[in-house]
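# Observations on chain architecture
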Amino acid sequence: MKVVGKQVPHDSAIGHVTGKALFVDDLAFTQNELIVEFIASPVAHGKIKSFNSVELAQLDGIAGVFTFADIPGHNLYGPVIQDERFLAEEIVEYVGQPIAVIAGESRKAIRHAKKKLRLEIEKLTPVFTIDEALAAKQFIGVPRVFKQGDFEKAWSTAEHTLAGTFVCGGQEQFYLESQAAIAWPGEHGEIHVHSSSQNPTEIQEVVAEALGLGFHEVVCVCKRMGGAFGGKETQAVIPAVMAALVATKTKRPARIAYTKDDDMRSTGKRHPYKIHYKTAFTTEGKLTGLNLEIYSNGGAGADLSTAILERTLFHADNAYFIPNLFFKGTICKTNFPPNTAFRGFGGPQGMANIENVMQEIALVLKKDALEIRRLNCYDHADRNLTPYGQVVRNHLLPEILDQLAETSEYRRRLQEVEQFNRQSTTHLRGLALTPMKFGISFTTKFLNQGNALVNVYKDGTVQVSTGGTEMGQGLNTKIRQLVADEFAISYDDVRIMITSTEKNNNTPPTAASAGTDLNGMAALNACRKIRKNLTEFASSYLLPPDSGLDPSPENIIFENGTIYDDRSKSRFPENKITFRELVKLAFMERISLGERGFYGTPEIDFNRETEKGEPFFYYTTGASVSEVLIDRFTGQLKLERTDLLMDIGETINPGIDKGQIIGGFIQGVGWVTNEDLRYSDKGELLSYSPTTYKIPNIQDLPEIFNVDTIENPQHKINVRRSKAVGEPPLMLCLSVWIAVKHALSCVRNDAIPRLNLPATAEEILRRITELDDDSKDAAGNSSVDESEVSLVSLPILSAEKK
Ligand code: MTE
Ligand code: QUE
Ligand code: MOS
C-alpha cells in the first residue's frame, strides 16, 4: 500500500491532456460578469499629459475606466521595497506599464473603446542597458559585498591571472496559461479572488491594501496554474488588483486574462547580467582568488531583484572552493518591466559566470577543463567553506563528477571531438562536463515556513489543504503520497484541496523549490497530531480485557489500512481494526479528526551585516555532460548527447522528479541557446510571441539523453529524506553553453573565445568569424562592442569581412 517512492502519475495528468483540469479563465462566466483589460504605456519613459478616460467610460458596453485616482487604498506596493504602482500616476517607466483599467460587457466593446483612446505622453529619456544605468547612476537598493581571505594579495602574488567580462541575456518564463484573475464581490465589501498565483497570501494582502480593506476581508484561492516558473510569484498581483478594483467599483464579478502578447510585453523576465571577473590561479589550475563585479538589469521596479542578486552571490562559487574572494553585486534600474523570479532565481547567472571562468583557466593552462573543475571542486574534510561561511556537508560533488565522467566516457569522447575538429572544415564539435550545486531554502528566513490543514472524514477519507500551489510541478501528488503513507491508507482516499487563504494563513510563495519540503512537512505534522489522537484511543480500545497488557500508544502500528497493537498481534492476529472503523469509533468518542500542522525549517540563519551564516538547509547537487555539433557556416547548433546525474536524496515520486529534471534542463537549454529577447531602440519588446521567441521543442532534445540519480546515504534530513528538485536541474544546462565555448576554442588554439549567453546561431557565427579573423589579438579580444545581448541590435555580420 505504500506510495512514497512510487511512480504515481501526476494527479492532474489526465485532466491536463483532456482539458478537464480547469484554469482561471476556464471557469464558467457568472451572471453579470465583466471583462477587464488594461491600457498600457506605449513609451518606455514619459510623463502623462492627458487621457480621455471620462469619454471612454461613456462608450457603449463600457462599465468603467479606472485610473490610479480610483484606487481606494494604496497604489504603492513591492515584495521587498515598495516602489511600484498598480496604475501609473504621472510618470510611466516601461512600455507595457498599466495606466488604466477598462471594464466592459464584451471584448468587442473594449476593443472598440481602445480605438477611441487619446493618450498624450511627453517623452523622457529612457535608460535600457546596464552601461547606460551605470552612466546615469540609476540603481535599486544598495550594493552587496561578499568577502573571504585576501583577494588583492592572491592577485598580486598569483602564478597566473585572467580577467574578462561575462554577459548574459534575460529569459521569458513562457508559462502556457497567461496571467489571469477573477474577482467576486462579497457581502460587506468583502472580496473573493481566484488568481493564477504562486503566492495567494500576497494576492490577499496586496488586494486588501489596494482596496483599503483588512486582510480578513479578502480571500484568494488558486486551484492550479498552467505553469509559473517564478513569473507568477509577484507579478500575478497586477491582474488580481485590476479585477478586484473593477469588482469593488461596479459590484459585479470581473475577470482578466492577459493575451500571450500582452503578457510577454508587460511582465518581467529573468535578469540580464554583466559580470567583470578577475581571477588568480596556480600553474596546476587551482583557483587562488576571484573578484567579481556583478551587475543585474532590474528593470523599472525592485520586485524581487534584491533577493535574486543575493542568490547570485550565493551561487557565484557554484561547486568550487575559492580561498580568496571579493564579490560586489549591484542592481541597475532601467526602463523595462521589473524583472522577476525565474527558475534558479539569480543562481544560473552566477553559475554560468564561474563555469566560463573555469573554461578559460583550462584554455590558458592548455589543460582539460574537467581536470580544472575537479581540482577546484568542493571537498569533504576541508576545502568545503563557501564564500558566505556555510560548510558544504554530506555532499557527493567529487563523486558525481567522477561517476559521470566514467559513465559518459568523457575522456574518450573528448579525444574524438578534438580529433574531429582538426579534420572537419564544415563543422565543429564541443564537449563539456559541468557540476551544479543549488542551495535549498529561501534566503529570507521568515519565508521558510508552511502550514497545513488535514481533515479526516467519518468514512476514513482525507482532505488536505496547504499554502502550496500546484503549477505542474507535482506538489499535490507528492503531498497526497506523503499523507497516504503517514496514515497507512490508500492513495485514493486522500485528496488535495484548492489552495485558499481561508484555510491556510500567512503562507510563503510556492518557490525556492521548497514547496514539498515546507508544505509536505506541515501536512505530516498535522497528520501526526491526528495519529496521536487516534493512537491514544486505539491503545485502550485494541487490547482485549483479558490480555493482561497495559495500554501503550508506542505499540500501536498503522499498516496497510489497519491499526494494531504489535504486542497483541502475535497472540491475537485478528485483533486489528481498519482505519475507517477506527475513525468512526473515534468520532463517536469525540476525538478530534482534524488538525493543523506547522513547519519551520530548522537551523538556517544568515546575517546580512557580516554576510556570513548558514542560509541553506542543504544543497541539491548534480552534473551534466553535453556534446554539441555546430555548423561553421550558419552557426546552427545541435545537441547530440547529454548525460545528467543528480543527487535528489530519496525520491518521493521518481516519475515526477524525472519530469522536473528533464523539464528544468531543457528550459535551461533554451536560455543558453535560443531564447533571445530583442527590443526596439525605443524599448519595445520585438520578440513578444512564439513566432519570434524560440523556446525549445521536442526536436531540441538531445539525440542521446541519459538521466540518472545517485544514492546519497549521508543525506538524512528533510521530508522522507527527499531533496528539492524544482529549480536545480535548470542549471545543468550550463554544460551545453560551455560545450559551445569548447567548440569555439578549437577554431584557434591560441585564442580564448568570447561567448555571450545565449549562444544563438547568430552569436556563434559572429564568434567563429571573429576567431577566423587574424587581425584580432591572441587573447581573442576583438574590437566588437560588447553591448548587452538582450538589447537593441547586434552588430550585423558583414559577408565581406574575410
Ligand atoms: N514545473 C512545472 N511543471 N511548472 C512550473 O511552473 N516552476 C519551477 C519548478 N518546476 C515550475 C516547475 C519553479 S521556478 C519552482 S521554484 C518550483 O517548481 C516550485 O515548486 P516546488 O517548490 O514544489 O518544487
Ligand atoms: C529564493 C527565492 C525567493 C527568495 C529568496 C530565495 C523568493 C522570494 C523571496 C522574497 C524575499 C523577500 C520578501 C519576499 C519574498 O526571497 O521566491 O516577499 O519580502 O519571493 O533565496 O525563491
Ligand atoms: Mo521559483 S523561481 O523560486 O518560483
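Structure: see above.
Residues numbered from 1 in each chain as written. Chains lettered and ligands numbered in written order. Predicted model: local features only at pLDDT ≥ 70, side-chain atom pairs only at ≥ 80, totals over all residues. Heavy atoms only, no water.

With an omega of 10°, the peptide bond between Leu757 and Pro758 qualifies as cis. Counting through the fold element by element, Pro758 comes out in the loop between α18 (734-745) and α19 (761-772). In this structure, Ser441 takes a positive phi of about 140° despite not being glycine. Its location among the elements puts Ser441 in the loop between β18 (427-440) and β19 (449-456). Assessed through its relative accessible area of 3%, Ser441 is described here as buried. Look at Ser513: it is not a glycine, yet its phi comes out positive at around 65°. Along the chain, Ser513 turns up in the loop between β22 (499-500) and α15 (515-541). The class of Ser513 is buried, set by a relative accessible area of 14%. (Helix = DSSP H or I, 4+ residues; strand = E, 2+ residues; numbered from the N terminus. Buried < 20%, exposed > 50% of the residue type's maximum accessible area, 1.4 Å probe, protein only.)

Taken together, 17 residues surround ligand 1, and among them Ala228, Phe229, Met471, Gly515 and Gln660 come closest. Separating a nitrogen atom of ligand 1 from a backbone N or O atom of Met471 is a distance of 3.0 Å. In this structure, a nitrogen atom belonging to ligand 1 sits 2.7 Å away from a side-chain N or O atom of Gln660. Relative to its free-state accessible area of 520 Å², ligand 1 is covered by the protein chains to the extent of 92%. (Near = heavy atom within 4 Å. Polar contact = N/O pair within 3.5 Å; in protein donor to acceptor, adjacent residues only side chain to side chain. Areas by Shrake-Rupley, 256 points an atom, 1.4 Å probe, with all protein chains shown as cover.)

Our next topic: the pairing of strand β29 (residues 618-631). Burial within β29 is extensive, with 14 of its 14 residues counted as buried. Here β29 shows a buried face lined by Tyr618, Thr620, Gly622, Ser624, Ser626, Val628 and Ile630 and a second buried face lined by Tyr619, Thr621, Ala623, Val625, Glu627, Leu629 and Asp631. Pairing between β18 and β29: 14 bridges, direction antiparallel. Across the sheet, the residue bridging to Pro435 is Ala623, located in β29. Where β29 lies against strand β30 (residues 637-647), ten bridges are found, and the strand directions are antiparallel. The residue of β30 that forms the bridge with Gly622 is Met646. (Pairing = 2+ DSSP bridges.)

Quick look at the side chain of Thr621 now. Its location among the elements puts Thr621 in strand β29. The class of Thr621 is buried, set by a relative accessible area of 1%. For Thr621, the residues in contact, after removing those within four places along its chain, are Leu397, Ile400, Met436, Lys437, Met646 and Asp647. (Contact = heavy atoms within 4.5 Å.)

Glancing now at the sheet that holds strand β20 (residues 462-466). Ordered in space as β21-β20-β19-β26, the four strands form an open sheet in which the pairing is mixed. Two strands in the sheet have a free side with no partner beyond their single neighbour: β21 (494-496) and β26 (594-600). Averaged over all pairs of adjacent strands, the angle between their axes in this sheet comes to 20°, without regard to strand direction. Relative to β21, β20 runs parallel, the two being bridged by three bridges. By the bridge assignment for β21, Gln463 is matched with Arg495. Each of β19, β20 and β21 is contacted by helix α14 (residues 475-487), which is oriented at about 150° to β21, the strand it contacts most. (Axes fitted to C-alpha atoms, helices over the stretch in contact; angles between N-to-C directions.)

Bringing the packing of aromatic side chains into the picture now. Throughout the structure, instances matching the rule amount to 20 aromatic pairs. Seen in terms of ring centroids, Phe146 and Phe606 are 6.4 Å apart; in terms of plane orientation they differ by 45°. Their pairing is tilted. Remark: Phe606 occurs in strand β27 (residues 605-607) and Phe146 occurs in strand β9 (residues 139-148); sequence separation between them is 460 residues. The same class applies to Phe146 as to Phe606, namely buried. Arranged with centres 5.4 Å apart and planes meeting at 75°, the rings of Phe314 and Phe616 form a pair that is edge-to-face. In this pair, Phe314 sits in helix α9 (residues 305-315) while Phe616 sits in the loop between β28 (612-614) and β29, placing the two residues 302 residues apart along the sequence. As far as burial versus exposure is concerned, Phe314 and Phe616 are alike and both buried. Counting every residue linked through ring pairs, the aromatic cluster contains Phe146, Phe314, Tyr388, Phe606, Phe616 and Tyr619. (Phe/Tyr/Trp six-rings, centres within 6.5 Å; stacked < 30°, edge-to-face > 60°.)

Here the focus is the site of ligand 2. In the region of ligand 2, 16 residues are neighbours, and Pro79, Glu233, Arg311, Phe345 and Thr443 sit closest. Arg311 places a polar side-chain atom, nitrogen or oxygen, 2.9 Å from an oxygen atom of ligand 2. At 3.4 Å from an oxygen atom of ligand 2 is found a main-chain nitrogen or oxygen belonging to Ala512. Relative to its unbound accessible area of 460 Å², ligand 2 is 90% covered by the protein chains. Of the residues in the shell around ligand 2, the class split is eleven nonpolar, three polar and two charged. (Nonpolar A, V, L, I, M, F, W, Y, C, P; charged D, E, K, R; others polar.)

Another point: the sheet that holds β18. The four strands lie next to each other as β18-β29-β30-β31, forming an open sheet whose pairing is mixed. With one partner strand each, in any of the chains shown, β18 and β31 (704-709) form the two edges of the open sheet. When the angles between neighbouring strand axes are averaged without regard to direction, this sheet yields 15°. Along the sheet, α18 contacts β18, β29 and β30; its crossing angle with β18, the most-contacted strand, is approximately 145°.

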